[in-house]
Amino acid sequence: MKELAKKYGIPTAGFEVFTESVAAKKYIKGFKGKFVVKADGLAAGKGVIVCSSKEEGLEAVEAMMERKIFKDAGKKVIIEECLEGEEASIIVVTDGKDAVPLASAQDHKRTLDGDKGPNTGGMGAYSPAPVVTDETMKAVMKDIIRPAIDGLSKEGIKYTGALYAGLMIDSSGPKLLEFNCRFGDPETQAILPRLKSDFVELIEASIDDEIDIASLQWDERPCVSVVISSGGYPGEYKTGFEIDGLDALEKMKDVYVFHAGTRASGEKTVTAGGRVLNVTALGSDIKDAIDRCYNAVNLIEFEGMHFRRDIGYRALNRR
Ligand code: GLY
């Protein structure tokens with residue numbers, strides 16, 4: 001992603017790539033202020049370490065490249081400048097020539113309220129993200145998505161389907177933090193209940209090279225999705241606990257429960273993963289969506305369950 005961004009002029013943080021820990025450590029010694037050490041491979045959302053000092057950076061490089069805490073995923077590391085601003089996610093669906101954006105969303109990656117604690121796959125999301133103004137959305141499409149799709153095509157790669165852009169937004173505009181070749185989780189749970197257009201038609205259009213369809217129709221109401229996780233996640237956790245309250249949520253209007261780490265055990269539903277459920281609600285405004293979502297969350301019970309109580313706080317603070 002970083003090399004594609006550099007080659008095709010997509011705004012992103014300055015970076016260097018290392019396959020030798022000696023060279024990586026030497027580079028870190030020249031840094032002032034915050035920077036980020038990233039494992040190049042997949043590390044279950046834990047491979048990004050934001051460092052506030054050279055010592056933290058040296059420790060991150062040693063952990064990844066010498067002690068191999070992420071196994072082969074840390075053989076190559078990227079060291080990049082730390083961008084400040086507010087994060088948001090834009091997911092587009094593309095046929096390899098054109099792309100249509102889904103509504104904006106914002107994820108909450110840390111496990112605890114106030115964005116504290118370790119990183120997770122995502123503890124909740126809401127859509128739309130007010131930080132993504134119409135102007136920002138235009139800039140994302142023009143300066144990030146368009147050059148990425150054209151660049152991939154020039155590289156001989158026909159990319160179709162969902163392209164997820166993780167962004168950092170400040171007054172100078174959006175910058176690309178990451179691409180994922182998939183929908184976002186839990187962003188998509190907060191986005192899809194707002195989609196009024198036919199989702200299957202959208203996917204078929206991306207398969208059939210017909211994505212130049214008219215833009216998508218959206219429910220104006222905001223949507224909030226709260227992840228309920230197993231106690232201990234993203235570290236070790238136990239599974240197999242019975243989940244109570246699902247029946248009550250089925251009867252609630254504009255409330256959706258997306259199952260993530262669950263399984264059926266006879267008549268019961270039991271926990272079977274780290275992130276267990278995504279409880280999701282639409283509301284007349286962001287406060288109403290948050291309140292309705294937490295009213296639903298509070299009806300769910302299982303042993304050790306954990307969830308953040310502040311999903312959507314940035315949108316709420318902007319009102
Ligand atoms: N929510 C972050 C991701 O899907 O990667």
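Summarised in this report is the structure supplied together with it. Values in this document were obtained by computation on a predicted structure and should not be read as measured data.

Thresholds applied
- Here the residue index of a chain counts from 1 through its sequence in written order.
- Since the coordinates come from a predicted model, pLDDT governs what is reported: local features require at least 70, and pairs of side-chain atoms require 80 or more to be given and counted, while whole-chain, interface and lining totals use all residues.
- With hydrogens and water set aside, each side-chain value is computed from the structure's full complement of heavy atoms.
- The rule for pairing is simple: two strands pair if DSSP sees at least two bridges between them.
- Each helix is a run of DSSP H or I of at least 4 residues and each strand a run of E of at least 2, with the numbering of both proceeding from the N terminus.
- For every element, the axis is a line fit to its C-alpha atoms; helices are fit only across the contacting stretch, and the angle between N-to-C directions ranges from 0 to 180 degrees.
- What makes a residue near a molecule or strand is one non-hydrogen atom of that residue sitting within 4 Å of it.
- Think of a polar contact as two N or O atoms within 3.5 Å of one another; within protein, one of them needs to be a possible hydrogen donor and the other a possible acceptor, and neighboring residues in sequence only count if both atoms come from side chains.
- Accessible areas in this description were obtained via Shrake-Rupley with a 1.4 Å probe; residue shielding takes into account the shown protein chains only.
- For this classification, the nonpolar set comprises Ala, Val, Leu, Ile, Met, Phe, Trp, Tyr, Cys and Pro, the charged set comprises Asp, Glu, Lys and Arg, and every other residue, Gly included, is treated as polar.
- Pairing of aromatic rings covers Phe, Tyr and the six-membered ring of Trp, with a centre-to-centre limit of 6.5 Å; geometry is then stacked below 30 degrees between planes, edge-to-face above 60, and tilted otherwise.
- Accessibility here uses a 1.4 Å probe with only protein chains present; expressed as a share of the type maximum, an area under 20% marks a residue as buried, one over 50% as exposed, and anything in between as partly exposed.
- A ring has a charge above it when a Lys NZ or an Arg CZ is no more than 6 Å from the ring centre and no more than 35 degrees off the ring normal.

1. Description of the sheet that holds strand E2 (residues 35–39)
Remark on secondary structure: sheet strands pair via backbone hydrogen bonds, oriented parallel or antiparallel.
Part 1: The strand order E1-E4-E2-E3 describes an open sheet built from 4 strands, whose pairing is antiparallel. Since the sheet does not close on itself, it has two edges, and those belong to strand E1 (15–18) and strand E3 (48–51), each with one partner. Along the sheet, successive strands turn relative to each other by an average axial angle of 20°, direction set aside.
Part 2: Bridge analysis of E2 against E3 gives 4 bridges, and the strand direction is antiparallel.

2. Points about the sheet that holds strand E14 (residues 255–259)
Part 1: Pairing in this open sheet of 5 strands is antiparallel, and the strands run E7-E10-E13-E17-E14 from one edge to the other. For this open sheet the edge positions go to strand E7 (106–107) and E14, each flanked by a neighbour on one side alone.
Part 2: Strand direction decides the pairing type here: strand E13 (residues 223–229) and strand E17 (residues 275–282), joined by 7 bridges, are antiparallel. Each residue of the ladder has a partner; that of Val224, found in E17, is Ala281.

3. Section: the site of the ligand
Part 1: In the vicinity of the ligand, the contacting residues are Asp107, Gly121, Tyr164, Asn180, Arg182, Gly184, Asp185, Pro186 and Glu187.
Part 2: The separation between a nitrogen atom of the ligand and a polar side-chain atom of Asp107 is 2.8 Å.
Part 3: In this structure, Asn180 approaches the ligand through a side-chain N or O atom, which is 3.3 Å from an oxygen atom.
Part 4: Coverage of the ligand by the protein amounts to 92% of the 200 Å² it exposes when considered alone.
Part 5: Residue composition of the shell around the ligand, grouped by class: 2 nonpolar, 3 polar and 4 charged.

4. Here we look at the packing of aromatic side chains
Aromatic ring pairs are defined here through the distance separating the ring centres and the angle between the ring planes.
Part 1: Tallied over the entire structure, the rule returns 6 aromatic pairs.
Part 2: Considering the side-chain rings of Tyr27 and Phe31, the 5.4 Å spacing of their centres and the 90° angle between planes classify their relative orientation as edge-to-face.
Part 3: For Tyr27, a relative accessible area of 29% corresponds to the partly exposed category.
Part 4: With relative accessibility at 15%, the residue Phe31 sits in the buried group.
Part 5: Sitting over the ring of Tyr164, Arg182 keeps its end group 5.9 Å from the ring centre.
Part 6: Across the ring face of Phe307, the terminal group of Arg309 is positioned such that the distance to the ring centre comes to 4.5 Å.

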